[in-house]
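Summary of the model geometry
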Amino acid sequence: MALSTRQRRPPPSDLSSPSSLSSPSYSKLGKPGNSGGDVEKDKGLGWFLPLFALGMLRYMSATSNIIHDCDEVFNYLEPLHYLLYRSGFQTWEYSSQFALRSYLYILFHELVGKPASWLFNEEKVRVFYAIRLFLGLLSVITEASLVVALSRKYGKRLASYTLAMLCLTSGCFFASTSFLPSSFSMYAMSLSSALFLFGKPAMAVSVAAVGVILGWPFSVLAFLPVTFYSLTKRFKQAFLSGAMTSLSLLVLSLLVDYTYYGRWTSSVLNLLIYNVVGGGQSHLYGTEGPLYYLRNGFNNFNLCFVLALLFLAILPIAKKKYAPDLVVVVSPLYIWLAFMSVQPHKEERFLYPVYPLVCVAASAVIESFPDLFRDKYNPNDNSLLVLMAKFLRPLVLSLILCASHARTFSLIHGYSAPLEIYKILDHYEDAGQGSVLCVGSEWHRFPSSFFVPDYVSEVRWIDDGFRGLLPFPFNSTLGGTSAAPHYFNNKNEASDEQYLRDLEACTFLVELQLQRPYPSRGSDLSAWEVIGALPYLDRELSPPMFRSFFIPYIWQKKNVFGMYKLLKRIQK
């Protein structure tokens with residue numbers, strides 16, 4: 001006779017995730033058909049796949065990314081170049097009189113730049129790419145953490161969709177290796193969100209503080225949802241962790257500012273006062289309409305951005321799955337987008353902090369396609385509409401990734417000439433020490449002094465009609481980083497000293513020759529010889545559709561190109 005034994009019923013604690021902060025929130029344990037035993041066997045995506053996939057794509061970004069914003073060059077690469085090589089350009093924000101930029105952020109990257117400069121010696125271009133690889137590594141670690149956190153809480157499908165978009169959407173591909181505080185805040189946003197989903201609110205608040213103080217102070221608004229919700233969960237631990245991190249970084253920033261600016265000042269406070277309390281002068285650098293970020297978001301994320309905006313619309317149907325934790329994680333996207341859209345001065349990089357959240361929100365919408373047609377009283381409903389919705393998910397994801405790939409290729413192939421043309425200077429050392437490199441209207445595409453060999457003693461601007469204030473070289477005789485030169489002002493008014501008047505002093509000349517009814521300096525072949533020329537996409541004459549997305553064969557035929565040239569003066 002078979003013996004039967006009575007099995008003890010497992011306690012409720014065995015059926016729920018011990019790391020969950022809120023019991024009502026959805027997790028993959030709540031999916032139909034999932035048992036506790038199944039979940040023990042399937043803990044979601046491991047670390048290897050996100051780290052490997054993101055590592056490959058971020059390496060590609062580090063080695064092929066263009067420079068999208070001259071602020072990256074003049075406010076971050078140039079000060080770092082000065083700290084490493086004692087030469088580089090200074091902007092008015094780094095004048096000791098104004099002290100709007102933190103040297104603490106620069107020093108953080110010098111931790112990589114200094115050893116790289118010892119290793120590669122005079123090969124400064126390699127130092128530039130070493131710094132980019134470091135930025136890519138930060139992106140890999142923080143975004144992989146976010147993917148794994150999503151996988152453990154919401155399952156492999158949502159995490160896999162997010163991983164694919166983080167890897168291939170143009171916005172994330174380019175922002176991930178840009179040397180900008182907004183990119184650093186983006187890393188912090190990914191990691192803070194991941195820690196929040198892992199059930200570590202105190203660490204999430206600390207990382208948010210690092211993203212704001214070491215990165216971009218204005219991103220504080222984007223970190224508020226995770227910070228406030230973490231405080232409601234574990235107030236004492238989260239508050240103490242955030243307060244100690246903030247205080248430590250503020251004190252360290254103050255000491256670093258004193259060391260480099262030569263006076264007691266806080267760059268964090270100065271920046272906030274200039275832009276908020278003092279009314280700011282950002283409109284001096286250009287204004288855009290309220291739809292700027294919507295257009296920009298579609299260019300960088302295509303259908304992914306549209307789906308991300310629809311996350312709130314599907315929330316009533318998917319509330320059980322995503323509220324409250326995922327809603328808290330994604331909400332900064334809408335808060336930040338609304339806030340930045342009403343600011344007169346707009347730049348693409350201002351949206352960087354919430355770029356990963358675009359991918360998360362869009363992935364949640366794609367995963368919820370079947371829920372839009374499923375009978376709410378029958379979670380196992382597999383009607384024809386539900387099956388079609390399931391089939392639609394990979395199709396939509398594929399469309400997003402293909403369009404993103406086309407956008408990325410268009411930007412790299414269309415606008416990489418400035419980075420490549422300056423590398424040619426390494427092959428013309430015979431020009432001799434003391435050579436002068438002159439740049440006119442292309443000053444804003446100058447890729448930084450990392451691309452200027454040591455035999456070139458000066459990079460000088462020549463007057464091509466620009467009437468704003470240009471950067472000046474750091475002046476060591478006036479005190480270097482602690483100097484407050486008289487030629488700087490905060491009104492974007494040109495200085496009489498910023499242009500080279502004697503053009504005969506130019507050894508090399510960089511200029512972009514477009515199909516325009518006026519002559520260029522380099523067209524005088526009796527004075528200049530072309531030593532390098534690369535095609536550069538003419539944005540004004542190319543159709544928006546074809547210049548925005550790379551379509552093989554058609555892209556080359558439909559677009560108009562100028563020539564980005566490096567010229568050398570002919571010796572007479």
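Described below are features of the structure shown in this document. Since we're looking at a predicted model, the values are computed, not measured. (Residues numbered from 1 in each chain as written. Predicted model: local features only at pLDDT ≥ 70, side-chain atom pairs only at ≥ 80, totals over all residues. Heavy atoms only, no water.)

**Here's the deal with the nonpolar core**
Just so we agree on the cut-off: Residues belong to one nonpolar core when they are buried, are Ala, Val, Leu, Ile, Met, Phe, Trp, Tyr or Cys, and are joined through side-chain atoms within 4.5 Å. Three labels apply to residues, based on accessible area from a 1.4 Å probe with only protein chains included: buried if under 20% of the type maximum, exposed if over 50%, partly exposed otherwise in between. Note on conventions: DSSP H or I runs of at least 4 residues are helices, E runs of at least 2 residues are strands, and numbering of each starts at the N terminus. In this description, contact between two residues means that some pair of their heavy atoms is separated by no more than 4.5 Å.
Phe311, Tyr322, Leu326, Leu437 and Trp461 are the most contacted members of the largest nonpolar core, which has 152 residues in total. Of all the elements, helix α5 (residues 124-154) adds the most residues to this core, at 17 residues. Once residues lying within four places of it in the same chain are set aside, the contact partners of leucine 437 are Tyr422, Leu425, Val452, Val456, Glu458, Val459, Arg460, Phe508, Leu509, Val510 and Leu566.

**Regarding the state of the cysteines**
Disulfides are covalent bonds that connect the sulfur atoms of two cysteines. Going by this rule: Only a pair of cysteine sulfur atoms within 2.5 Å counts as a disulfide in this structure description.
Enumeration over the complete set of coordinates arrives at 1 disulfide. Here cysteine 70 stays unpaired: no disulfide links it, and the sulfur of cysteine 438, its closest cysteine neighbor, is 19 Å away. Judged by relative accessible area, cysteine 70 falls into the partly exposed class, the value being 23%. Between cysteine 172, a cysteine without a disulfide, and cysteine 359, which holds the nearest cysteine sulfur, the sulfur-to-sulfur distance is 3.7 Å.

**Details of the packing of helix α9 (residues 201-215) against helix α11 (residues 235-261)**
Heads up, the condition is: Between N-to-C directions, angles cover 0 to 180 degrees, with each direction set by a line fitted to C-alpha atoms, over the stretch in contact for helices. Any angle between 65 and 115 degrees counts as roughly perpendicular, while under 35 counts as roughly parallel, over 145 as roughly antiparallel, and the rest as oblique. Each crossing is labelled by how the near helix is turned from the far one, with a counterclockwise turn of less than a right angle marking it left-handed and a clockwise turn marking it right-handed. Each residue receives one of three labels: charged for Asp, Glu, Lys and Arg, nonpolar for Ala, Val, Leu, Ile, Met, Phe, Trp, Tyr, Cys and Pro, and polar for the others, Gly being one of them.
For the pair α9 and α11, the least separation of the axes is 8 Å and the interaxial angle reads 25 degrees. When the interaxial angle is binned, α9 and α11 end up roughly parallel. Relative to α11, α9 is oriented so that their crossing is right-handed. Taken together, the residues of α11 that come into contact with α9 (itself represented by Pro201, Ala202, Val205, Ser206, Ala209, Val210 and Ile213) are Gln237, Ala238, Ser241, Gly242, Thr245, Ser246, Leu249 and Leu250. Grouping the constituent residues of the contact of α9 with α11 by class yields 9 nonpolar, 6 polar and no charged.

**A closer look at the packing of aromatic side chains**
Two numbers describe a pair of aromatic rings. These are the distance of the centres and the angle of the planes. Counted only if it meets this: Two aromatic rings from Phe, Tyr or Trp, using only the six-membered ring of Trp, form a pair when their centres are within 6.5 Å; if the ring planes differ by under 30 degrees the pair is stacked, by over 60 it is edge-to-face, and anything between is tilted.
In this structure the tally under the stated criterion is 49 aromatic pairs. Seen in terms of ring centroids, tyrosine 85 and phenylalanine 450 are 6.3 Å apart; in terms of plane orientation they differ by 80 degrees. Their pairing is edge-to-face. With tyrosine 85 in helix α3 (residues 70-85) and phenylalanine 450 in the loop between β2 (435-439) and β3 (456-461), the pair connects residues that are 365 residues apart, well separated along the chain. For tyrosine 85, a relative accessible area of 23% gives the class partly exposed. Look at phenylalanine 450 and you get buried, because its relative accessible area is 1%. On the basis of an interplanar angle of 75 degrees and a centroid distance of 5.7 Å, the ring pair of tyrosine 422 and phenylalanine 446 is categorised as edge-to-face.

**Concerning the pairing of β2**
Rule in force here: Only strands that DSSP links by at least two bridges are regarded as paired with each other.
Across the 5 residues that make up β2, a large majority, 5, are buried. Every second residue of β2 is oriented toward a common face, with Ser435, Leu437 and Val439 on one face and Val436 and Cys438 on the other, all of them buried. The sheet contact formed by β2 and strand β5 (residues 508-513) spans 3 bridges and is parallel. Among the inter-strand pairings, valine 439 is bridged to a residue of β5, identified as valine 510.

Note that every value here comes from positions in space, so none of it alone points to a role or purpose.
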